[in-house]
Amino acid sequence: MKKTLIVAALLAVAGLAQAQQRTAFEPGQVWPDNHGTHLNAHGAGVLYDRGHYYLFGEHKIAGGRGNSAQVGVHCYSSKDLYNWTDEGIALAVAPAESGSEIEQGSIIERPKVVFNKKTGKYVMWFHLELKGKGYSAARTAVAVSNKATGPYVYVKSYRPGAGRWPLGCAPEWKQPVPGEKDLKWWTPEWRKAVAEGLFIRRDFEPGQMARDMTVFVDDDDKAYNIHSSEDNLTLHVAELTPDYQGFTGRWNTIAPAGHNEAPAICKRNGKYYLITSGCTGWDPNAARSFVASTIWGPWQQLDNPATGPQANVTYNSQSTYLLPVAGKKDAFIFMADRWTPKNPIDGGYVWLPLRFEGDQPRLQWADRWNLSVFDATNAQGAANP
Ligand code: DGJ
């Protein structure tokens, strides 16, 4: 009995040691944390803070309720991006029936954390849907903490842009067009009307819808919340207040009527790059890419960044974040989710190096790769170490 226990303990220690020894990314494979448990951080983003990376994502559970928030936002830390230590639940759901906007059973998606230098606070934004209301609330919400790993305290949720027109608003967008409410969805006339402010007018007073989202801090420390709005037809970029906890009211549209979600952004050589997906629920589709010289646009649509087999379904994944690798110039990792809606906890992660051909972001599948692909001598693509 004693011997069995000792052997079990040794095996456990060996298992932990093994779990700590990852030296490469293996897109789509099970990704064990320091306990040997598959990472549970979906729709994730990464914060880099004082030598540590912090991964924040949706904690999913098994089975039918697994895509609603039953637990909260999970945090992991890492020094090398391959090996992740479980830091627990950074933002916990409120108890069921507590009446809180983030009560158990609400929907909390795509959490992104940024650090605010002025206040010294860590600020988490996420897409929030109120319990029992499907995806109709379409709100973006904020929580704050004094520590990267949390606990985060819920602040409030928003419909951004209430009572404010976008910066690029044409005067005629402000006026309803006779018969516009009767236009049949998905017809060319309806798409044109959407691109010319149909839904912006509809949501002008309550504020604009905000679903899939990300947050971006620019070199001047100004921060922006980029979200799918207008029933997912148009992306909006909205400036955050200096404390990153609210909106200044300055906002603009991106790709009007383009039907984009899953926005992920990076900045390289003074230009802004966006990767998005189309809108097909939990099913993958072809990614899109955009470039702009200012965050307010105009945004120029480029090609599907993915190349090779499965490029039309982004290697069976959907974008969530473009991660700048600390200490390596112009090195970004494309982070994406493989959703498994029947058993959400099984969802996988596709991380690939992002390359650029001129302005065009490019992705290429690799079964296994490491950060050396970003070194000058190795810059041509993914290695298979
Ligand atoms: C796709 C989105 O990108 C996900 O975050 C999630 O909202 C699902 N749609 C829900 O169907």
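Here, the structure is the one placed above.
The rules behind the values
Residues numbered from 1 in each chain as written. Predicted model: local features only at pLDDT ≥ 70, side-chain atom pairs only at ≥ 80, totals over all residues. Heavy atoms only, no water. Helix = DSSP H or I, 4+ residues; strand = E, 2+ residues; numbered from the N terminus. Rg over C-alpha atoms; globule rule 2.2 N^0.38 Å. Buried < 20%, exposed > 50% of the residue type's maximum accessible area, 1.4 Å probe, protein only. Contact = heavy atoms within 4.5 Å. Areas by Shrake-Rupley, 256 points an atom, 1.4 Å probe, with all protein chains shown as cover. Lys, Arg positive; Asp, Glu negative; His and termini not counted. Charge placed at Lys NZ, Arg CZ, Asp CG, Glu CD. Core = buried A, V, L, I, M, F, W, Y, C linked by side-chain atoms within 4.5 Å. Pairing = 2+ DSSP bridges. Axes fitted to C-alpha atoms, helices over the stretch in contact; angles between N-to-C directions. Phe/Tyr/Trp six-rings, centres within 6.5 Å; stacked < 30°, edge-to-face > 60°.

(A) How the structure looks around the overall build of the protein chain. Scanning the protein chain for helices and strands turns up 3 helices and 21 strands. Radius of gyration (C-alpha) of the protein chain: 21 Å, near the 21 Å computed for a compact globule of 385 residues. Within the protein chain, the fraction of its 385 residues that count as buried is 56%. Considering only contacts in the protein chain between residues 6 or more positions apart, those separated by 24 or more positions represent 51%. Total accessible area computed for the protein chain in this model is approximately 16,600 Å², and 54% of it derives from carbon and sulfur atoms. Here the protein chain contributes 40 positively and 38 negatively charged side chains, and the mean placements of these two sets differ by 3 Å.

(B) Looking closely at the nonpolar core. Leu55, Ile333 and Trp351 are the most contacted members of the largest nonpolar core, which has 44 residues in total. Those elements that provide at least two residues to this core are strand 1 (42-49), strand 2 (52-58), strand 13 (261-268), strand 14 (271-277), strand 18 (318-324), strand 19 (332-338) and strand 20 (348-357). Examining the composition of this core, we find that 6 residues originate from one element, strand 20, more than from any other.

(C) Region of interest: the sheet that holds strand 10 (residues 223-229). Read from one edge to the other, the open sheet built from 4 strands follows the order 9-10-11-12, with strand pairing classed as antiparallel. Single-partner strands in this sheet number two, and they are strand 9 (213-217) and strand 12 (247-254). Each strand of the sheet is rotated relative to its neighbour by a mean of 25°, with strand direction disregarded. In this structure, strand 10 lies alongside strand 11 (residues 234-240), joined through 6 bridges in antiparallel fashion. By the bridge assignment for strand 11, Asn225 is matched with Ala238.

(D) Structural detail: the environment of Ala96. Here Ala96 lies in the loop between strand 4 (85-92) and strand 5 (107-116). The partly exposed category is assigned to Ala96, whose relative accessible area is 36%. Taking the C-alpha atoms as reference points, Ala96 and Lys131, separated by 35 residues in sequence, lie 9.4 Å from one another. Sequence-distant contacts of Ala96, defined by excluding residues within four places in its chain, comprise Glu103 and Gln104.

(E) Fine view of the packing of aromatic side chains. Tallying each qualifying case throughout the model produces 26 aromatic pairs. Taking 5.5 Å as the distance between ring centres and 40° as the angle between the ring planes, the aromatic pair formed by Trp185 and Phe199 counts as tilted. Pair noted here: Trp185 is in the loop between strand 8 (153-158) and helix 2 (188-195) and Phe199 is in helix 3 (residues 198-202), with a separation of 14 residues, a long-range link. By relative accessible area, Trp185 is classed as partly exposed at 38%. For the pair Tyr315 and Trp365, a centre-to-centre distance of 5.6 Å together with 45° between the ring planes defines the contact as tilted. Of this pair, Tyr315 sits in the loop between strand 17 (306-307) and strand 18 while Trp365 is found in the segment after strand 21 (360-364), placing the two residues 50 residues apart along the sequence.

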